[in-house]
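Fold and geometry: a report
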Amino acid sequence: MQSTHLEVTHRPYRSSASRLTILAHLFGILAFILMLVWLLHYRGGIDYDSYDGYRVFNVHPFLMFCGFIFLSGEAMMVYKTVKAEHFVQKVAHMILQLGAFVLGVVGICAVFKFHDMQSIEDVYSLHSWIGIATISLFALQWVVGLFTFMFTQTQTTRATLLPWHICGGRTLLYMSIAAALTGLMEKATFMQLSHSREARLLNFLGLSILLFGIFVDLSVALARYV
């Protein structure tokens, strides 16, 4: 009777987590498409090796969302919602997070290169402060997670650090989204966009990124009950 009761209690959470995961994927793909439309149609393309500084800059928003935020969100959902052996979940989670970090670093290098080409000061805005803090803490989170959960540790150590690892990952997801949204606002301000198609596109892009993060977080939170 007890196991039957638990199964009935948990089934709504399992269904909710599944639906929320689908919504997270949809908003992530929508943000991916809107980002490409913005950068390719309105901003002239993406090219890290270009002599056009603005095409170099476009690598930054592309990789910071489509690489860093999107992959880290997918890594969180893979680990918590995909049915697989625990070790397979951990390996997939770590690889996707590593890929997110590498692409994030390349995206940051792109904006530093753009600043050098345009003789612009580095790390002066709130956007850049949040971004640098996020990528630095992300690296620390990944290294601590690697040595704690992929190498031999006592169960006490893992049990102690697991809640901090989960909360840290969710916090970093929202920090990365805050960096993305402040970056879009900063760019729109520099370009003096108002009441134009590009401005509305950026608004929808920002909302899609925010909703992607919210549904990733909700999916992970509800998956804890499955």
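Just so we're clear, the structure is a prediction, and the values are computed from it rather than from any experiment. (Residues numbered from 1 in each chain as written. Predicted model: local features only at pLDDT ≥ 70, side-chain atom pairs only at ≥ 80, totals over all residues. Heavy atoms only, no water.)

1. Side note on the overall build of the chain
Scanning the chain from terminus to terminus reveals seven helices and zero strands. When the elements of the chain are put in sequence order from the N terminus, they spell out α-α-α-α-α-α-α. Scaling as 2.2 N^0.38, a compact globule of 226 residues should have a C-alpha radius of gyration of about 17 Å, and the chain matches this with 19 Å. Evaluated residue by residue, the chain yields a buried proportion of 40% over its 226 residues. Pairs at least 24 residues apart make up 76% of the contacts formed inside the chain by residues separated by at least 6 positions. By element, 68% of the accessible surface of the chain is carried by carbon and sulfur atoms, the whole surface being about 12600 Å². Charge centroids of the chain, computed over 15 positive and 12 negative side chains, lie 14 Å from each other. (Helix = DSSP H or I, 4+ residues; strand = E, 2+ residues; numbered from the N terminus. Rg over C-alpha atoms; globule rule 2.2 N^0.38 Å. Buried < 20%, exposed > 50% of the residue type's maximum accessible area, 1.4 Å probe, protein only. Contact = heavy atoms within 4.5 Å. Areas by Shrake-Rupley, 256 points an atom, 1.4 Å probe, with all protein chains shown as cover. Lys, Arg positive; Asp, Glu negative; His and termini not counted. Charge placed at Lys NZ, Arg CZ, Asp CG, Glu CD.)

2. A look at the packing of helix α4 (residues 86-118) against helix α5 (residues 126-149)
Contact geometry for α4 and α5: axes closest at 11 Å, N-to-C directions at 155°. With respect to α5, the axis of α4 lies roughly antiparallel. Crossing handedness for the pair α4 and α5: left-handed. Facing α4, whose interface residues are K90, M94, Q97, L98, A100, F101, G104, V105, I108 and F112, α5 presents I132, I135, F138, A139, W142, G145, L146 and F149. Among the residues forming the contact of α4 with α5, the class breakdown is 14 nonpolar, three polar and one charged. (Axes fitted to C-alpha atoms, helices over the stretch in contact; angles between N-to-C directions. Parallel < 35°, antiparallel > 145°, perpendicular 65-115°, else oblique. Left-handed = near helix turned anticlockwise from the far one by under 90°. Nonpolar A, V, L, I, M, F, W, Y, C, P; charged D, E, K, R; others polar.)

3. Structural notes on the side chain of H93
Mapping H93 onto the fold places it in helix α4. Apart from residues lying up to four places away in sequence, H93 is in contact with A75, M76, Y79 and H165.

4. Quick word on the pattern of salt bridges
By the definition in use, this model includes two salt bridges. One salt bridge in this structure joins R43 and E198, with 2.9 Å as the shortest N-O distance. Here R43, found in the loop between α1 (2-42) and α2 (53-57), pairs with E198, found in helix α7 (residues 197-223); they are 155 residues apart in sequence, far enough to count as distant. The exposure class assigned to R43 is partly exposed, which follows from its relative accessible area of 28%. (Salt bridge = Lys/Arg side-chain N within 4 Å of Asp/Glu carboxyl O.)

5. Here we look at the nonpolar core
Membership of the largest hydrophobic core comes to 39 residues, with the highest contact counts inside it found for M35, W38, F65, I69, L205, I209 and V216. Broken down by secondary-structure element, the contributors of at least two residues to this core are α1, α3 (59-81), α4, α5, α6 (155-190) and α7. Of all the elements, α3 adds the most residues to this core, at 12 residues. If we ignore the near neighbours within four places in the chain, the residues touching V216 are A24, G73, M76, M77 and L173. (Core = buried A, V, L, I, M, F, W, Y, C linked by side-chain atoms within 4.5 Å.)

6. Observations concerning the confidence of the model for the chain
Per-residue confidence for the chain averages 89 on the pLDDT scale, and 90% of its residues sit at or above 70. α1 is the least confidently modelled element of the chain, averaging 76 in pLDDT, while α5 averages 96, the highest of any element. Low pLDDT, under 50, characterises residues 1-10; the predicted model gives this stretch two contacts beyond four residues in sequence or across chains. (pLDDT = per-residue confidence, 0-100.)

7. With respect to the packing of aromatic side chains
Centre-to-centre distance and the angle between the planes together describe a pair of aromatic rings. By the definition in use, this model includes 11 aromatic pairs. Between the aromatic rings of F32 and F70, the centroid separation amounts to 6.2 Å while the plane-to-plane angle is 75°, which identifies the pairing as edge-to-face. Of the two residues, F32 sits in helix α1 while F70 sits in helix α3, which places them 38 residues apart along the sequence. The class for F70 is buried, based on a relative accessible area of 16%. Counting every residue linked through ring pairs, the aromatic cluster contains F32, F62, F65, F70 and F212. Above the ring of F57, the side-chain terminus of K187 is found at 4.2 Å from the ring centroid. (Phe/Tyr/Trp six-rings, centres within 6.5 Å; stacked < 30°, edge-to-face > 60°. Lys NZ or Arg CZ within 6 Å of the ring centre and 35° of its normal.)

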